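# Fold and contact review
Chain by chain, the residues run as shown.
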Amino acid sequence: MKIRTILQKMKVAAAICLAAMMTGCTTTPDTEQLVNELYGKMSQEERIAQLRSMYMDELFDKQGKLDTAKCRQLIPNGIGHFSQFAMQQPRDPNVLRDRVAAVQDWLMKNTPNGIPALCHEEVLSGVNTKGSTIYPQQIGQACSFNTELAELKTKQTSTAMRKMGGVLSLSPMVDVCRTPSFNRLEESYGEDGYLSAAMGTAFVKGLQQGDLKKGVGACSKHYLGYGGGGDADEKVMMEEILMPHEAMIRLADSHVLMPGYHAVHGTNCVANSEILQDILRDYVGFDGMVVSDYTAIDQIPDLESPVEKAAAAINAGCDVDFPKGENYQHLQEAIDKGLVKPETLERAVKNVLRQKVRMGLFDKNPYLYDKETITLDTPEERQTAYDIATQSVVLLENNGVLPLKDVKNILLTGPNANSMWAMCGDYSFPAMSYFWKRIETGHDKPHVVGLLEGMKGHKPEGMNIMYSRGCDWTEDIETKYGEAGDERAWEYWILHRKVDSGEKADKAEALSMAQQCDVIVAAVGENVMLCGENRDRKGLRLPGRQEQYVEELLQTGKPVVLVVFGGRAQVISGIAERCAAVIQAWYPGEEGGNAVADILYGKVSPSGKLSVSYPEKELDEPICYNYSLEKDARVKWPFGYGLSYTTFEYSDLKAEGEPTTASEGVDISFKVKNTGKVAADEIAQIYLSPTNEKQTIRPIQLQGFARVALQPGETKTVRVKLYTEQFGFYSNEGKRQWNVLPGTYAVKVGASSTDIRLEEKVTLKGEPSAKPLREHYFSTTTIE
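Residues numbered from 1 in each chain as written. Predicted model: local features only at pLDDT ≥ 70, side-chain atom pairs only at ≥ 80, totals over all residues. Heavy atoms only, no water.

For the rest of this paragraph, the subject is the sheet that holds strand β26 (residues 756-764). Strand order across the open sheet formed by 4 strands is β21-β20-β25-β26, with antiparallel pairing between neighbours. The open sheet is flanked by β21 (701-710) and β26, the only strands paired with a single partner. Taken over all neighbouring pairs, the strand axes of this sheet differ in orientation by 20 degrees on average, direction set aside. Pairing geometry for strand β25 (residues 743-750) and β26, over 8 bridges, is antiparallel. Its bridge partner being in β26, threonine 744 is matched across the sheet by threonine 763. (Pairing = 2+ DSSP bridges. Helix = DSSP H or I, 4+ residues; strand = E, 2+ residues; numbered from the N terminus. Axes fitted to C-alpha atoms, helices over the stretch in contact; angles between N-to-C directions.)

Most of strand β20 (residues 680-690) is tucked away, with 9 of its 11 residues classed as buried. One ladder, built from 6 bridges, connects β20 with β25; its direction is antiparallel. By the bridge assignment, glutamine 685 is partnered in β25 with glycine 750. (Buried < 20%, exposed > 50% of the residue type's maximum accessible area, 1.4 Å probe, protein only.)

Turning next to helix α10 (residues 243-252). Extensive coverage of α10 is indicated by the burial of 8 of its 10 residues. Of the positions making up α10, those classed as buried are Met243, Pro244, His245, Glu246, Ala247, Met248, Ile249 and Ala252. In this structure, the buried side of α10 is in contact with α8 (193-208), β5 (220-223), α9 (234-241), β6 (256-259) and α11 (273-284). At the exit of α10 stands aspartate 253, carrying a positive phi of roughly 60 degrees. (Contact = heavy atoms within 4.5 Å.)

A word on the pairing of strand β11 (residues 409-413). Of all 5 residues in β11, 5 are buried, a share of seventy percent or more. Neither face of β11 is open: one carries Asn409, Leu411 and Thr413, the other Ile410 and Leu412, and all of them are buried.

This part takes up the pattern of salt bridges. The tally for this structure, following the rule as stated, stands at 45 salt bridges. Of the charged contacts in the structure, one is a salt bridge between arginine 250 and glutamate 775, with a shortest N-O distance of 3.6 Å. Separated by 525 residues along the polypeptide, arginine 250 in helix α10 and glutamate 775 in the loop between β27 (769-771) and β28 (780-783) bring together distant segments of the chain. Arginine 250 sits in the partly exposed class, given a relative accessible area of 29%. The exposure class of glutamate 775 is partly exposed, given its relative accessible area of 43%. Note that aspartate 536 and arginine 568 form a salt bridge whose closest N and O atoms lie 3.7 Å from each other. One end of the pair, aspartate 536, is in the loop between β13 (519-525) and α20 (546-555); the other, arginine 568, is in the loop between β14 (560-565) and β15 (581-586), with 32 residues separating them in the sequence. What makes aspartate 536 partly exposed here is its relative accessible area of 28%. (Salt bridge = Lys/Arg side-chain N within 4 Å of Asp/Glu carboxyl O.)

Consider a sheet: its strands pair through backbone hydrogen bonds, and that pairing is either parallel or antiparallel. The 4 strands lie next to each other as β1-β2-β3-β4, forming an open sheet whose pairing is parallel. Of all strands in the sheet, those bounded by a partner on one side alone are β1 (53-54) and β4 (168-169). Bridge count between strand β2 (residues 81-82) and strand β3 (residues 118-121): 2 bridges; the pairing is parallel. The residue bridging phenylalanine 82 from the neighbouring strand is cysteine 119, located in β3.

Structure (structure tokens):
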């Protein structure tokens, strides 16, 4: 038996080496041949093992050494994946790398075909591990409208993670989230399909680095319509909700996808062949690996046994069972009972093997980890975190109090004034280890700069910063229990708690200090237990007694600058109007304190624009700027809105040529001038609207944007190519297709979705055109 196993390994190794040698030992040109040969040599047990995952810690003893007896017991036929390999315990990256190296070496030398595993981790705001750079949360980064920084961030993340042995991420989340109360809205890029697609595509390009053999594989999630889009009609679903996934797959070669926990048309996504087969593979052309969200297969309703649940998921098109394969371990029984066809298993296993080939795991010298000393949170990474944070912050109101110049005494107060939890969003390592592991201390690696530290460290000479917390996040536990999302969190002891700041909140002290100051900066909002996956609270107004506390600060008569942190737009109507200024800071990451301080002091002019419609009142229903041209009374500040410390003038919008429906696109240009006294960036937004009711496109739809950096008095020209397909729409009259109709359209340029500065009519001549799918998703922009 041993001789047979050795010979089998030799044959597989020879096939792999032959394929590698054909292209200099770095690539495998005939992927399908390699996958087919390897599949044919695998036992049924090995095949099923490729569809399962586990936690790597189960294979190590208490001293941190690989327990080979456990390996022989638990993974004798190998394992397809390791779940969240970097976050299970706070560990040095070099220790993590050594653990990955030990496991991969054991798999390659001691399992029948020596197949390495895919080690995956969350990378939403950096690698989810101790010491890794914590970048701003995605909802804030979307407000930067900066795809170049988005790509740089994930390139840095990818480089660090690949060194540690991680080859697959479970990011990005590109759900088009239109319900303001959604507890995971912070992970998204907001309410617009175009912006979400543009930012998500940049995320994938940076992460994968154009070469999966050195980059980290992306995973598009939570397909399709999680966060409020699952009930959309077909046209909206296919034009807008699908767009981020479709663009990432077709433009950035994203080869892994995760269905959501929710249902579409009554069927849970993980077991929904309509979206996983009919739309994803047959229509979009996806040829990659589909993985379940953690415990999602367990949650398939109306099926009692794991055998039935496994059959339902794999038959619908889900290839892999995360996090531990507890349902897919029964696949052989499902096959024996006739619930799963052998060719269905073959499809799933080959999708996994194909991904491993793409990642270079079968190359002669695969890049499984880096052998050099690994250093996380480099100065370059911190600079990127700072740059994104400064561009993510949105100035909502300002009566002239900002920037804080010629001000002697400032009182900084509020629950988020001196807390790292104002900076770190969900899926950062501190947040994940606090929530899932109940680790409440030791979270200052990397160092997270709070607002107090940033304001003191960056304050102008002669300015005095006073501080008193004054108010806690909540007095009572506000986190609501709910059985939604990852069922591992459906535990009272996980959800029934609140964050201890470690500081006394002395309101009397703070109000006394307020009498001595010139300006009050009140830092309010949410924290790790008040927003995030599985974490909900009773509403969207400020938690606890924070609103009452702000009222008392206002009553002092001193100007109040309200700085709101958190993962969602929170309802602040009633107090915002009476504050001297209002800033939405989101979760701005490890450099957030410095970034917000520099904006307060005027060292950086705010430039962020809202990626969501900011609600005027409590809402638990979808809202979106593109529903109507009429003002929505439910919205306080519109999509695309954000103030600056300067003013901008738009002029000279021109559309060139005589485009037809057969043309590639329409070239437009316009000018933007900084008419104020400080250098600043303006985010110019290009929208498209119909000119008559027969045109079945949205009343207004973002179709491009440009971040324009301008010195005082400077003018720049923005040139935009709007592709003809951007004037089109989806239809399905027995056949899905993308249509472009002749007619006159309104091209609009604005500072927000409601602040339109320029408008030009563009007429497409010719005949109606149709094709199955768009080729162009985004306009292209140059700035001169």
